[in-house]
Every structure is written in structure tokens, then in C-alpha cells.
Amino acid sequence: MFILELTYIAPLERIEAAHPEHVAWLDSNYESGVFIASGPKDPRDGAVIVAVGVDRARIEDIAKSDPYSVAGLAEYTITNFLAMRTSPALEEYRHQPPSHR
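Rules and cut-offs
- Residues numbered from 1 in each chain as written.
- Predicted model: local features only at pLDDT ≥ 70, side-chain atom pairs only at ≥ 80, totals over all residues.
- Heavy atoms only, no water.
- Helix = DSSP H or I, 4+ residues; strand = E, 2+ residues; numbered from the N terminus.
- Buried < 20%, exposed > 50% of the residue type's maximum accessible area, 1.4 Å probe, protein only.
- Contact = heavy atoms within 4.5 Å.
- Pairing = 2+ DSSP bridges.
- Axes fitted to C-alpha atoms, helices over the stretch in contact; angles between N-to-C directions.
- Salt bridge = Lys/Arg side-chain N within 4 Å of Asp/Glu carboxyl O.

Further remarks concern the environment of D45. Along the polypeptide, D45 turns up in the loop between β2 (35–40) and β3 (46–51). For D45, a relative accessible area of 38% translates into the label partly exposed. Along the chain, D45 and F35 lie 10 residues apart, while their C-alpha atoms are 20 Å from each other. Residue contacts for D45: discarding those within four places in its chain leaves L6, T7 and Y8.

Below you can see the structure in the form of C-alpha cells.
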């Protein structure tokens with residue numbers, strides 16, 4: 001599981017202008033099953049995306065393909081974490097440590 005934190009590095013007017021393309025990019029990643037949650041930070045200086053099912057190299061490529069990244073409007077911090085506990089709704093994303101035999 002990955003947490004992608006976007007930090008806007010351009011004025012909000014430029015972020016808003018690129019928003020439709022960013023939403024289309026989000027939609028495609030939801031459709032592929034990689035993104036499971038996303039939304040703006042409060043205060044609105046960026047956003048957060050929760051991603052699953054891919055390796056670090058792939059998630060870095062996905063982040064680089066965000067129209068906000070391509071246009072130089074946002075920077076990404078990517079954190080890999082092991083979800084040892086989840087709600088029942090997210091159980092399929094729970095980290096399974098190797099079994100010790």
C-alpha cells in the first residue's frame with residue numbers, strides 16, 4: 001500500500017485549470033484498481049492518494065504521469081506502508097507477513 005502526498009508548487013488558479021485532466025487521470029487509476037481513496041488536503045495545499053496492488057517503480061511512474069506532475073504544478077512524496085490492521089472493508093489490502101514454519 002502506498003500513500004501519495006501531492007504538494008502544490010503552483011498557484012491554485014493553475015491547479016484549477018489542470019483539474020479536469022487530473023480527474024481523468026484519477027479515474028483511469030481507479031478503474032485499473034490501483035487507487036482506492038483520494039482527496040484534497042485541508043488546508044488545500046495539495047492532496048493525498050491511497051494506492052495498492054503495484055510495486056514502487058510502477059507507482060513512481062504513475063505519479064510522474066499525473067498531469068499536475070507533467071505540468072510542474074505539484075511534487076509527490078511516496079510512502080510505502082504495511083497495513084497490518086484494516087477495517088473489514090479494506091481487509092483485502094491488509095499486509096500478510098510471511099508465515100514462519
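This next bit is on the sheet that holds β2. Strands sit in the order β2-β3-β1-β4 across an open sheet of 4 strands; the sheet is antiparallel. Strand pairing shows two members of the sheet lacking a second neighbour, β2 and β4 (74–80), which therefore form its edges. Pairs of neighbouring strands in the sheet enclose a mean axial angle of 15 degrees, with direction left out of account. Examined bridge by bridge, strand β1 (residues 2–8) and β3 share 6 bridges and lie antiparallel to one another. If you follow L6 over to β3, its bridge partner there is A47. Across the face of the sheet, helix α1 (residues 12–31) comes into contact with β1, β2, β3 and β4 while running at roughly 165 degrees to β2.

This part is about the pattern of salt bridges. Counted by the stated rule, this structure contains 5 salt bridges. Close ionic contact of E16 with R44 constitutes a salt bridge, the shortest N to O distance being 2.6 Å. Taken together, the residues span a long stretch of sequence, with E16 in helix α1 and R44 in the loop between β2 and β3 at a distance of 28 residues. Between R56 and E60 there is a salt bridge, with the nearest N and O atoms lying 2.9 Å from each other. With R56 and E60 both in helix α2 (residues 56–65) and 4 residues apart, the pair spans about one turn of that helix.

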